[in-house]
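Each chain is listed here by its residues.
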Amino acid sequence: MIRAWTPKDIRAAEQPLLDAGHGPPLMARAAAAVAAVCVRELDAGHVYGSRVAILAGKGNNGGDALYAGAHLARRGARVDVVLTADDAHQGGLAAARASGARIHRLDDRGASRAAELLRIADAVLDGIVGTGARPGLRSPVRELVANWTPARSERQIVIAVDMPSGIDVDTGEASDDCVRADCTVTFAGAKPGLLLPPAAGCAGNVEVVDIGVPLADETTATARLNPSDIAGRWPVPGPHDHKYTRGVLGIVAGSSGYPGAAVLATGGSRACGVGMIRYVGSDHVARAVNAAYPEVVPGNGRVQAWLFGPGIDPADDDRMSDVRRYLAEAGDTQLPCVLDAGALAAVEAADSAVQRTDPPMILTPHAGELVALMTRLGDTDVSRSAVEAAPAVWAQRAARRTDAVVVLKGPVTVIAQPHGPTYAQGEAPSWLATAGAGDVLAGIIGAITATSSETATGKSLPALAGYAALGVMTHGLAAGRASGGGPIAAGDIAAALPAVIADHLAGADRRPVGEHSTRGRAQR
Ligand SMILES: NC(=O)C1=CN([C@@H]2O[C@H](COP(=O)(O)OP(=O)(O)OC[C@H]3O[C@@H](n4cnc5c(N)ncnc54)[C@H](OP(=O)(O)O)[C@@H]3O)[C@@H](O)[C@H]2O)[C@@H](O)CC1
Ligand SMILES: [K+]
């Protein structure tokens, strides 16, 4: 798992070291790491004679970049420093000068001439601003970045120092004028904006460098599971398990309009190794489910978790009354429930005046469904564009409003909970944007929940958030496997699941974070 901490928490952890006079060695380690990544990306043999441009703001982020530039100049790179503010880190500037770097002031050179220096560089280090910044870029560096970004060549490497300048590092918001990096070298721990959409798309491949600042797991703000986490988290049956002890999932899904959603959700669940599936729905849809999967048991009965909603029409009184009834019963026994699609219409605000006991819930809306949910719960600020600009902010707001885990689906899916870290999973290939993929995902999360939540703590919202993140990641990995770079249909994802799970349980295919869709060049 990759963990991220807010700049506030990282500063608090750094403070005792700074007070003890350890600031310079921390910066030296940070700068050396940036220079090493730059050397690697330039392909070590080609550092001598390569052109490196350093964008240096006036804070310590600029200091890191200047010292890194000094390392590279000493290795024979031609280094051009563009000072983007009216001041600069004095130690870093002196080191860069002493190493032979050429120093330019953005104010003197003008944005378009400085952009030319950037355009011809083999590598650019972004040290404009770091964790001390407010979001967005100020003039004239904003114009500089706007001039340079469209002119970038494919072979140019852009390395962000600690974070791409301009993003909102706390919320993951990013305006058009942010720096778009191929790689971000970040210090002590990742920062939320490096994992959260849309800013994660500006960070490229994230490399965390341990500079000796101790950070506590309990203060993690944002997290991303790695494929290697499947091995420690997937619910694996023991030799004495039988179908009931493994976990039974109840599914209320499908309608005459969308019978296939019930088949897809059930298909996603059964591929995850659930002990048994009980299906509740119309006879017509139940026949379709059983025709596809004879092992599914029709009708209600004892379950360890419920999945409500794929393919349900909120205007279908029969199905919605099933959902409300089983939801109320689940509340009595605190049985975890996954609510998707049409069943989201049954979700009330946590502070609703209606007397009720909610079960622990995972809600799985896409952006449009989140807007509908929050509007119904009385939020007047919500809009699709607001949700797309700040998915984590809205997922967190919805989680607090409903006292549930909220899985906000998107190119990077955000999993928020009322208290505790927000997960962000970005494994899914773009081919995953296809009808029915969400039904399969709901089935996967339902199956993991039913097979993992035997203990009381297993039903807690932090545990449910972990199950949801595991489900989202595995769904994305299965989609990648099924796609192989080409088109997929939703059913292909379910078919690919057992082999993907088996590979990771066996410890095969353990790739580091970022090696899937998060790796490589930023979206320009
Ligand atoms: N602490 C440590 O031990 C270590 C810290 N390290 C490094 O320090 C970095 C944090 O450094 P930092 O705190 O100096 O802040 P930083 O982001 O460089 O600059 C803030 C300055 O920028 C300005 N500014 C603000 N917003 C702006 C905007 N939108 N656009 C333009 N300018 C803006 C603002 O000016 P003001 O608003 O005051 O006019 C302020 O002066 C951190 O990311 C890491 O790289 C590492 O070396 C490891 C050890
Ligand atoms: K930066």
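Each chain has its residues counted from 1, following the order in which its sequence is written. Here chains are named by letter from A upward and ligands by number from 1 upward, in the order in which they appear as written. Since the coordinates come from a predicted model, pLDDT governs what is reported: local features require at least 70, and pairs of side-chain atoms require 80 or more to be given and counted, while whole-chain, interface and lining totals use all residues. Side-chain numbers here rest on the full set of heavy atoms in the structure, without hydrogens or water.

Draft legend 1. The arrangement of the overall build of the chain in detail. In this description a helix means any DSSP run of H or I spanning at least four residues, a strand means any run of E spanning at least two, and both kinds are numbered starting from the N terminus. Looking only at helices and strands, one finds 20 helices and 18 strands in the chain. Compactness check: the chain gives a C-alpha radius of gyration of 25 Å against a globular reference of 24 Å for 524 residues, within 12% of the reference. Classification of residues uses two cut-offs on accessible area relative to the type maximum, computed with a 1.4 Å probe and protein chains only: under 20% is buried, over 50% is exposed, and between them is partly exposed. Taking all 524 residues of the chain together, the buried fraction comes to 55%. Looking at the chain alone, contacts between residues at least 24 apart form 74% of all its contacts between residues at least 6 apart. Here the accessible surface of atoms and residues is derived via Shrake-Rupley with a 1.4 Å probe, and residues count as covered only by protein chains that are part of the display. On the chain, roughly 20,700 Å² of surface is accessible, and the fraction owed to carbon and sulfur atoms is 51%. Counting rule applied: Lys, Arg positive; Asp, Glu negative; His and chain ends not counted. Positions of charges follow a simple convention, taking NZ of Lys, CZ of Arg, CG of Asp or CD of Glu. Counting 48 positive and 54 negative side-chain charges, the chain places the centres of these two groups 5 Å from one another. Based on C-alpha atoms, the radius of gyration is set beside the globule rule, defined as 2.2 Å times the residue count to the power 0.38. Contacts are residue-level and defined by heavy atoms, with any inter-residue pair within 4.5 Å sufficient.

Draft legend 2. The site of ligand 1, seen in detail. We call a residue near a molecule or strand when any one of its heavy atoms sits within 4 Å of it. Taken together, 20 residues form the shell around ligand 1, and within it D64, G130, R134, G136 and D162 come nearest. Each polar contact in these results corresponds to two N or O atoms within 3.5 Å; when the atoms are within protein, one needs to be able to donate a hydrogen and the other to accept it, and residues that are neighboring in sequence are counted only if both atoms are side-chain atoms. At a separation of 2.8 Å, a nitrogen atom of ligand 1 approaches a polar side-chain atom of E14. Contacts to ligand 1 include T131, whose backbone N or O atom sits 2.9 Å from an oxygen atom. In isolation ligand 1 has 950 Å² of accessible area, and contact with the protein removes 80% of it. Taken together, the elements giving at least two residues each to the shell around ligand 1 come down to α1 (7–19), α2 (23–42) and α3 (60–74). Residue contributions to the shell around ligand 1 peak at 3 residues, all from α3. In this classification, Asp, Glu, Lys and Arg are treated as charged, Ala, Val, Leu, Ile, Met, Phe, Trp, Tyr, Cys and Pro as nonpolar, and every other residue, Gly included, as polar. Looking at the shell around ligand 1 residue by residue, the classes come out as 7 nonpolar, 7 polar and 6 charged.

Draft legend 3. A look at the coordination of the potassium ion (ligand 2). At this site the potassium ion (ligand 2) is bound by N61 (OD1), D126 (O), V129 (O), V161 (O), M163 (O) and S165 (OG), with donor distances of 2.6 to 3.1 Å. In this listing, donors mean N, O and S atoms no farther than 2.8 Å from the metal, or 3.2 Å for Na, K and Ca; water is missing from the atoms, so a site can look incomplete. Here the metal geometry follows the donor angles, with tetrahedral for four donors whose angles all fall between 85 and 135 degrees, square planar for four and octahedral for six when opposite donors are more than 155 degrees apart and every other angle is between 65 and 115, and irregular for all the rest. The coordination sphere of the potassium ion (ligand 2) comprises 6 donor atoms, whose angles at the metal cover 66 to 172°; the geometry is irregular. For the potassium ion (ligand 2), all donor residues lie on one chain, and their spacing in sequence is N-x64-D-x2-V-x31-V-x1-M-x1-S. Owing to a relative accessible area of 0%, V161 belongs among the buried residues under this scheme.

Draft legend 4. Layout of the side chain of T220. Within the secondary structure, T220 is located in the loop between β8 (205–209) and β9 (222–224). Given the relative accessible area of 6%, T220 is considered buried. For T220, the side chain forms a polar contact with the side chain of R3, separated by 2.8 Å. In this structure the side chain of T220 is engaged in a polar contact, spanning 2.6 Å, whose partner is the backbone oxygen of D217. Excluding its chain neighbours within four sequence positions, the residues that come into contact with T220 are R3, A4, W5 and P421.

Draft legend 5. Highlighting the sheet that holds strand β4 (residues 102–105). Strand pairing requires that DSSP identify at least two bridges connecting the strands. If you walk across this open sheet you meet the 7 strands as β4-β3-β2-β5-β6-β7-β8, and the pairing is parallel. Looking at the sheet topology across the chains shown, the edges are occupied by β4 and β8. In this sheet, neighbouring strand axes are inclined to one another by 20° on average, regardless of whether the strands run parallel or antiparallel. Strand direction decides the pairing type here: strand β5 (residues 123–127) and strand β6 (residues 157–161), joined by 4 bridges, are parallel. Bridged to V124 within β6 is V158. In this description, a line fitted to the C-alpha atoms serves as the axis of each element, helices being fitted only across the stretch in contact, and the angle between N-to-C directions of two axes falls anywhere from 0 to 180 degrees. Each of β2 (51–56), β3 (78–83), β4 and β5 touches helix α6 (residues 111–119); the most contacted strand, β2, lies at about 135° to it.

Draft legend 6. Main features of the environment of E143. Looking at the secondary structure, you find E143 in helix α7 (residues 141–148). Accessibility expressed as a relative area gives 32% for E143, which makes it partly exposed. Spatially, the C-alpha atom of E143 lies 28 Å from that of A190, the residues being 47 residues apart in sequence. A polar contact of 2.7 Å, which involves the side chain of E143, links it to the side chain of S139.

Draft legend 7. Region of interest: the pattern of salt bridges. We define a salt bridge as a contact between a side-chain nitrogen of Lys or Arg and a carboxyl oxygen of Asp or Glu at a distance within 4 Å. With the rule as written, the count across this model stands at 18 salt bridges. Between D182 and R152 there is a salt bridge, with the nearest N and O atoms lying 3.1 Å from each other. On the criterion of sequence distance, the pair formed by D182 in the loop between β6 and β7 (183–187) and R152 in the loop between α7 and β6 is long-range, its members being 30 residues apart. A relative accessible area of 9% places R152 in the buried class. Linked by salt bridges that have partners in common, R40, E41 and E207 make up one network.

Draft legend 8. Structural context of the packing of aromatic side chains. Think of it this way: a Phe, Tyr or Trp ring, Trp meaning its six-membered ring, pairs with another when their centres are within 6.5 Å, and the plane angle makes it stacked under 30 degrees, edge-to-face over 60, tilted otherwise. For the coordinates displayed, the defined rule picks out 2 aromatic pairs. When the ring of W306 is compared with that of F308, the centres are 5.4 Å apart and the planes differ by 15°; the resulting orientation is stacked. Seen from their ring centres, W306 and Y326 are 4.6 Å apart, and the 10° between their planes marks the pair as stacked. Residue W306 is found in strand β13 (residues 305–308), and its partner Y326 is found in helix α14 (residues 317–333); the two are separated by 20 residues along the sequence. Neither W306 nor Y326 differs from the other in exposure class; each is buried. Feature note: the residues W306, F308 and Y326 constitute an aromatic cluster, connected by ring pairs.

Draft legend 9. Seen up close, the pairing of β4. Here 4 bridges tie β3 to β4, and the two strands are oriented parallel to one another. Note that in β4 the partner of L83 across the bridge is R105.

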